[in-house]
Protein chains: 2
Amino acid sequence: MNEMSSKFKGNLDDTDLFIIRRLCEDSNTSLAAIGEELNVSPSTIHKRICRLKDGGIIERFTILFDPSILELNTIAFVGIELERSAMVGKKKEEVINRLLALREVLEIHETLEPFDLMLKLRTRDVDLLREVIGNISAIDGVMATNTILTTRKILETPLKYDNLKEV
Amino acid sequence: MNEMSSKFKGNLDDTDLFIIRRLCEDSNTSLAAIGEELNVSPSTIHKRICRLKDGGIIERFTILFDPSILELNTIAFVGIELERSAMVGKKKEEVINRLLALREVLEIHETLEPFDLMLKLRTRDVDLLREVIGNISAIDGVMATNTILTTRKILETPLKYDNLKEV
DNA sequence: AGTGAAACGTTCATTGA
DNA sequence: TCAATGAACGTTTCACT
């Protein structure tokens, strides 16, 4: 993102990666416990974590909760074709801003084909999904929408951190 | 998922929802600070959180980190058409198990059309993407794959918790 | 990067509503 | 049954080495 974080990225060593992995698994792990695994003192872990936070590598401490409590159990992917005039520049940014403002829109990606944008949506039910898609269709610059409705979620994970170093 | 958690779900009150929201924003918020906002004691918050964990509502405490450190910057959606014989039953489960085993596969959803399954993948680059899609195509029961390659990520969030009650 | 001490947070047995 | 209290214990933080 910013210059600092990208400069930082190259400098992540195995200790940093181990700390990140450990905190992903359980962010309540104490500094002492992490330090023990790495044979360093808690204060070293503490300083590393501060650096990772300041550098934007660790965004925040959070929890994972059962998404069904939100009662947003309908997931759909929506491909959007834009009008010619909205394929670049300010009009495109306006379309994107309108999409960003929608609570139901969880992901927005640019793609090349067969759509111009690909969205992921979560709504309470198909009726509300239809309504949201109606609103999206009405956005100036949107030519067509193409909905792929999902019927069963088998796997949905934001990131797999298997690639983070073991020690 | 299990009986206990679904029984629990109906019983979430505003206090629970507020706690979940607060922990989503910052899971290092102290019990005392949350309690102050709700005018209850830290031990009450503590017990609530224990209950939420036991009931499976809170899955775990974790961190969000910058995904670019994994160097998995290529995102693609892949629609899969299954062979007739793999549309139901054991063969379908086998296909799904093979997909679940792939590190690059972050999401798997059943859909009705135009595909049978919809995947979300993350790989280091397009060459590796091609390789993974090759492996997927080779799975017994997979008839065809249809890749939507993304070129820019604009928004990617697992869940928006705007719906969780304020107090 | 480590030490040690003070500040702070969590946990739990007990008590009361 | 549920919440508060308060003390014991563990964790974080930071100035100093």
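Please read these numbers as outputs of a predicted model, since none were measured by experiment.

### Some points on the sheet that holds strand 3 (residues 105-111) of chain B
Then comes step 1: Around the barrel, which closes on itself, the eight strands sit in the order 2(A)-4(A)-3(A)-5(B)-2(B)-4(B)-3(B)-5(A) with antiparallel pairing between neighbours. Mean inter-strand twist for the sheet, computed between neighbouring axes without regard to direction, equals 35°.
Then comes step 2: Across seven bridges, the pairing between strand 2 (residues 74-82) of chain B and strand 4 (residues 117-123) of chain B is antiparallel. Looking at strand 4 of chain B, one finds that Thr 74 of chain B is bridged to Thr 123 of chain B.
Then comes step 3: Helix 6 (residues 126-137) of chain A contacts strand 2 (74-82), strand 4 (117-123) and strand 5 (142-156) of chain A of the sheet and is inclined by roughly 150° relative to strand 5 of chain A.

### Concerning the side chain of Lys 120 of chain B
Then comes step 1: Note that Lys 120 of chain B resides in strand 4.
Then comes step 2: Here the side chain of Lys 120 of chain B touches Glu 156 of chain B through a polar contact of 2.6 Å, side chain to side chain.
Then comes step 3: Look past the residues within four positions of Lys 120 of chain B in its chain and what remains in contact with it is Glu 107 of chain A together with Ile 75, Ala 76, Phe 77, Glu 104, Val 105, Leu 106, Glu 107 and Glu 156 of chain B.

### A closer look at the confidence of the model for chain A
Then comes step 1: In the predicted model, chain A carries a mean pLDDT of 91, and 92% of its residues have values of at least 70.
Then comes step 2: Within the model, pLDDT remains below 50 along residues 1-7 of chain A, and this stretch shows six contacts once partners closer than five positions in the same chain are excluded.

### Focus: the relation of the copies chain A and chain B
Then comes step 1: Taken as rigid bodies, chain A and chain B are interconverted by a rotation of 180° and an axial shift of 0.0 Å, the fit giving an RMSD of 0.0 Å. Expressed as an axis order, the relation between the two copies is that of a two-fold axis. Within chain A, the C-alpha atom positioned nearest to the axis of rotation is that of Thr 62 of chain A, 2.7 Å from it.
Then comes step 2: Looking at the interface residues of chain A, 100% of them are also at the interface in chain B, so both copies use one shared face.

### Here's the deal with the protein's contact with DNA strand D
Then comes step 1: Lining the immediate surroundings of DNA strand D are Ser 30, Leu 31, Ser 43 and His 46 of chain A together with Val 40, Ser 41, Ser 43, Thr 44, Lys 47 and Arg 48 of chain B.
Then comes step 2: Measuring from a phosphate oxygen of DNA strand D, one finds a side-chain N or O atom of His 46 of chain A at 2.9 Å.
Then comes step 3: At a separation of 3.4 Å, a base nitrogen of DNA strand D approaches a polar side-chain atom of Ser 43 of chain B.
Then comes step 4: Of all the elements in the fold, those that place two or more residues in the surface near DNA strand D are helix 4 (42-54) of chain A together with helix 4 (42-54) of chain B.
Then comes step 5: Residues belonging to the surface near DNA strand D are distributed by class as follows: two nonpolar, six polar and two charged.

### Observations regarding the protein's contact with DNA strand C
Then comes step 1: Taken together, the neighbourhood of DNA strand C is formed by Val 40, Ser 41, Ser 43, Thr 44, Lys 47 and Arg 48 of chain A together with Ser 30, Leu 31, Ser 43 and His 46 of chain B.
Then comes step 2: Of all DNA strand C atoms lying within 4 Å of any protein atom, the proportion belonging to sugar or phosphate reaches 60%.
Then comes step 3: Between DNA strand C and Ser 43 of chain A there is a distance of 3.3 Å, counted from a base oxygen to a side-chain nitrogen or oxygen.
Then comes step 4: A distance of 2.5 Å is found between a base oxygen of DNA strand C and a side-chain nitrogen or oxygen belonging to Lys 47 of chain A.
Then comes step 5: The element that contributes the greatest number of residues to the surface near DNA strand C is helix 4 of chain A, accounting for four residues.
Then comes step 6: Tallied by class, residues from the surface near DNA strand C come to two nonpolar, six polar and two charged.

Cut-offs used in this document
- Residues numbered from 1 in each chain as written.
- Chains lettered and ligands numbered in written order.
- Predicted model: local features only at pLDDT ≥ 70, side-chain atom pairs only at ≥ 80, totals over all residues.
- Heavy atoms only, no water.
- Pairing = 2+ DSSP bridges.
- Helix = DSSP H or I, 4+ residues; strand = E, 2+ residues; numbered from the N terminus.
- Axes fitted to C-alpha atoms, helices over the stretch in contact; angles between N-to-C directions.
- Contact = heavy atoms within 4.5 Å.
- Polar contact = N/O pair within 3.5 Å; in protein donor to acceptor, adjacent residues only side chain to side chain.
- pLDDT = per-residue confidence, 0-100.
- Least-squares fit on C-alpha atoms with pLDDT ≥ 70 in both.
- Near = heavy atom within 4 Å.
- Nonpolar A, V, L, I, M, F, W, Y, C, P; charged D, E, K, R; others polar.

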